[in-house]
Amino acid sequence: MEFSLKNEVVASFALYATLVVLKVMLMSAITAFYRVTTKTFINEEDVSAFGSSTQAKGKPSTAHHPNIERVRRAHLNDIENVFAFVLIGILYLLTNPSVDTATLHFKVFAGARFGHTIAYLIPIPQPSRFLLCATGWVATASMAFTILSTVIM
Amino acid sequence: MEFSLKNEVVASFALYATLVVLKVMLMSAITAFYRVTTKTFINEEDVSAFGSSTQAKGKPSTAHHPNIERVRRAHLNDIENVFAFVLIGILYLLTNPSVDTATLHFKVFAGARFGHTIAYLIPIPQPSRFLLCATGWVATASMAFTILSTVIM
Amino acid sequence: MEFSLKNEVVASFALYATLVVLKVMLMSAITAFYRVTTKTFINEEDVSAFGSSTQAKGKPSTAHHPNIERVRRAHLNDIENVFAFVLIGILYLLTNPSVDTATLHFKVFAGARFGHTIAYLIPIPQPSRFLLCATGWVATASMAFTILSTVIM
């Protein structure tokens, strides 16, 4: 296995892994945007600097804005699933998968996670979000089992 | 350092890293199982689709089931510790550790984390969970200090 | 690209990535220290073993100590940002960046995150924490766009 972008599997992984991590990072930006526009902060120093929708300046805020909590849940779900995918993916490259099999895993995972975020934030009625989350989970688990069978055999 | 499964250290890392990440992924499945069986959901669209133990359909649920919150805390602790281990582990491979030293680190970490999950979910009286968490932490820290001393020396 | 510590870019990444992950791991230790010294626990078995500031032994605690919640928020922000940096950083190494450009990214990110933790825990008035978080975010995003442009071109 050549760990280089000249290796088509590595280049494919680099592309999809970067896209999904960027998507996770976008959640931080969305959270910050909602916090500032709705003036909903948890830290006293944030309320002091940026104001508060519910309380006098300088007082601690316990406000929970439903949109922000929703973004936060989607963000945490991303961390649980996307970071696991990238970590497993790096080890999966060592198993010398074929370009087609590997890229299929990466595309299915990336598609499922972009769909998951859209389904969570709109929100789209269940079980769409559940199925998208499960699809990404199965793609990562499939890569993990490939690693295990390669190492153990 | 050959970054390949033919390298015994890399193969050992791939095995234990995959096992602990799969264990983290199992927590998502346990959470989903508990949410569905106890009908405890946070999102309105989940209540609409799957029902609620405490509220009328379509109303937001704020129910917190103690078993689910426990799994969630164990899951978050996993993310903090297991993902750090895999990231440090990849860099640790670059220090050309001996197979014995490296595998000892990987085995101790994996054993401590499987023990931690069992201790958290049963739960087993403290300080068992604390000591298991600390053991995994020290294994990762030991690998991190090996990297630092190799790079700086 | 030689994935070895003899490669100056890889050695630089190993140094800064290890330092920031160790910093994340330090947050676990700070949380444990605060929980024990303030006797603030969430799990019943912790209260049974270590006591409680607010409740009789063996009863579930719902106490939220503001210092602990602050450390936890800083910790979660670390996980969102530091783990994304290390994952993107590994892929970024594949783009064969110059030592100067790469080390600049790593130093800016590490400096911003150490500053972020200090700004969060003291706390330093806003917008210092916001700007430090944004700086680290931009460093990671810049590496991510380098990967995308290398793979797609």
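Source: prediction; values computed, not measured.

### Focus on the relation of the copies chain C and chain A
It takes a turn of 120° to lay chain C on chain A, together with a shift of 0.0 Å along the axis; the resulting RMSD is 0.0 Å. Both copies are brought into coincidence by an operation consistent with a three-fold rotation axis. By residue overlap, the copies meet through two different surfaces: only 19% of the interface positions of chain C are interface positions in chain A.

### Some thoughts on the relation of the copies chain C and chain B
Copy one and copy two of the chain differ by a rotation about an axis and a translation along that axis. For the pair chain C and chain B, the best superposition has an RMSD of 0.0 Å and corresponds to a rotation of 120° with a translation of 0.0 Å parallel to the axis. Here only 19% of the interface residues in chain C have copies in chain B that are interface residues too; the copies meet through unlike faces.

### A few points about the interface of chain C and chain A
Contact with chain C, which involves 31 residues of that partner, is made by 32 residues of chain A. Summing the contributions of chain C and of chain A, the shared interface buries around 2,600 Å²; its carbon and sulfur component is 78%. In this structure, the connection of chain C to chain A is made through four salt bridges. Counting only elements with at least two residues in the side of chain C that touches chain A, the list comes to helix 3 (66–93) and helix 5 (128–152) of chain C. For the side of chain C that touches chain A, the class distribution of residues is 23 nonpolar, four polar and four charged.

### Examining the interface of chain C and chain B
Facing 32 residues of chain C, the contacting portion of chain B comprises 31 residues. For the chain C and chain B pair, buried surface summed over both sides reaches about 2,600 Å², with 78% attributable to carbon and sulfur atoms. For chain C, the biggest contributors to the area lost against chain B are C:F3, C:M25 and C:E45; these three give 23% of the whole. Taken together, chain C and chain B are joined by four salt bridges. A salt bridge links B:E80 to C:R72; the shortest N-O distance between them is 3.0 Å. The tally of links from chain C across to chain B stands at eight residue pairs in polar contact (both at pLDDT 80 or more). Put simply, the parts of the chain that give the side of chain C that touches chain B at least two residues each are helix 1 (8–38), helix 2 (44–50) and helix 3 of chain C. The element best represented in the side of chain C that touches chain B is helix 1 of chain C, accounting for 14 residues. A per-class count over the side of chain C that touches chain B returns 23 nonpolar, five polar and four charged.

### Things to note about the packing of aromatic side chains
Two aromatic rings are characterised by how far apart their centres lie and by the angle between their planes. Overall, the coordinates contain 27 aromatic pairs over all chains when judged by the stated rule. One aromatic cluster is present, built from ring pairs that chain together A:F13, A:F85, A:Y92, A:F106 and A:F109. Note that B:R129 overlies the ring of B:Y120, its terminal NZ or CZ placed 4.2 Å from the centroid.

### Some thoughts on the packing of helix 3 (residues 66–93) of chain A against helix 3 (residues 66–93) of chain B
Between helix 3 of chain A and helix 3 of chain B, whose axes approach to 11 Å, the crossing angle comes to 30°. Taken together, helix 3 of chain A and helix 3 of chain B sit at an angle that is classed as roughly parallel. Both helix 3 of chain A and helix 3 of chain B take part in a crossing whose hand is left-handed. Here helix 3 of chain A contributes A:L76, A:I79, A:E80, A:F83, A:A84, A:L87 and A:I90 to the contact with helix 3 of chain B, which in turn contributes B:R72, B:H75, B:L76, B:I79, B:F83, B:V86, B:L87 and B:I90. For the contact of helix 3 of chain A with helix 3 of chain B, the class distribution of residues is 12 nonpolar, one polar and two charged.

### Brief notes about the pattern of salt bridges
Considering all chains together, one arrives at 18 salt bridges over all chains under this definition. For C:K23, the salt bridge goes to C:D78, with nearest N and O atoms at 2.5 Å. Placement of the pair is C:K23 in helix 1 and C:D78 in helix 3, with a sequence separation of 55 residues. In this structure C:D78 comes out as buried when scored by relative accessible area, which is 0%. Connected through salt bridges with shared partners, the residues A:E45, A:D46, C:R70 and C:R129 form a single ionic network.

### A short note on the environment of B:V71
As for its placement among the helices and strands, B:V71 is situated in helix 3. Taking the C-alpha atoms as reference points, B:V71 and B:S53, 18 residues apart in sequence, are found 19 Å from one another.

### Digging into the side chain of B:R70
One can find B:R70 in helix 3. For B:R70, a relative accessible area of 13% translates into the label buried. The contact partners of B:R70, leaving out residues within four places of it in the chain, are B:Y120, B:L121, B:P123, C:N43, C:E44 and C:E45.

The rules we used
- Residues numbered from 1 in each chain as written.
- Chains lettered and ligands numbered in written order.
- Predicted model: local features only at pLDDT ≥ 70, side-chain atom pairs only at ≥ 80, totals over all residues.
- Heavy atoms only, no water.
- Least-squares fit on C-alpha atoms with pLDDT ≥ 70 in both.
- Contact = heavy atoms within 4.5 Å.
- Buried area = accessible area lost by both parts, 1.4 Å probe.
- Salt bridge = Lys/Arg side-chain N within 4 Å of Asp/Glu carboxyl O.
- Helix = DSSP H or I, 4+ residues; strand = E, 2+ residues; numbered from the N terminus.
- Nonpolar A, V, L, I, M, F, W, Y, C, P; charged D, E, K, R; others polar.
- Polar contact = N/O pair within 3.5 Å; in protein donor to acceptor, adjacent residues only side chain to side chain.
- Phe/Tyr/Trp six-rings, centres within 6.5 Å; stacked < 30°, edge-to-face > 60°.
- Lys NZ or Arg CZ within 6 Å of the ring centre and 35° of its normal.
- Axes fitted to C-alpha atoms, helices over the stretch in contact; angles between N-to-C directions.
- Parallel < 35°, antiparallel > 145°, perpendicular 65-115°, else oblique.
- Left-handed = near helix turned anticlockwise from the far one by under 90°.
- Buried < 20%, exposed > 50% of the residue type's maximum accessible area, 1.4 Å probe, protein only.

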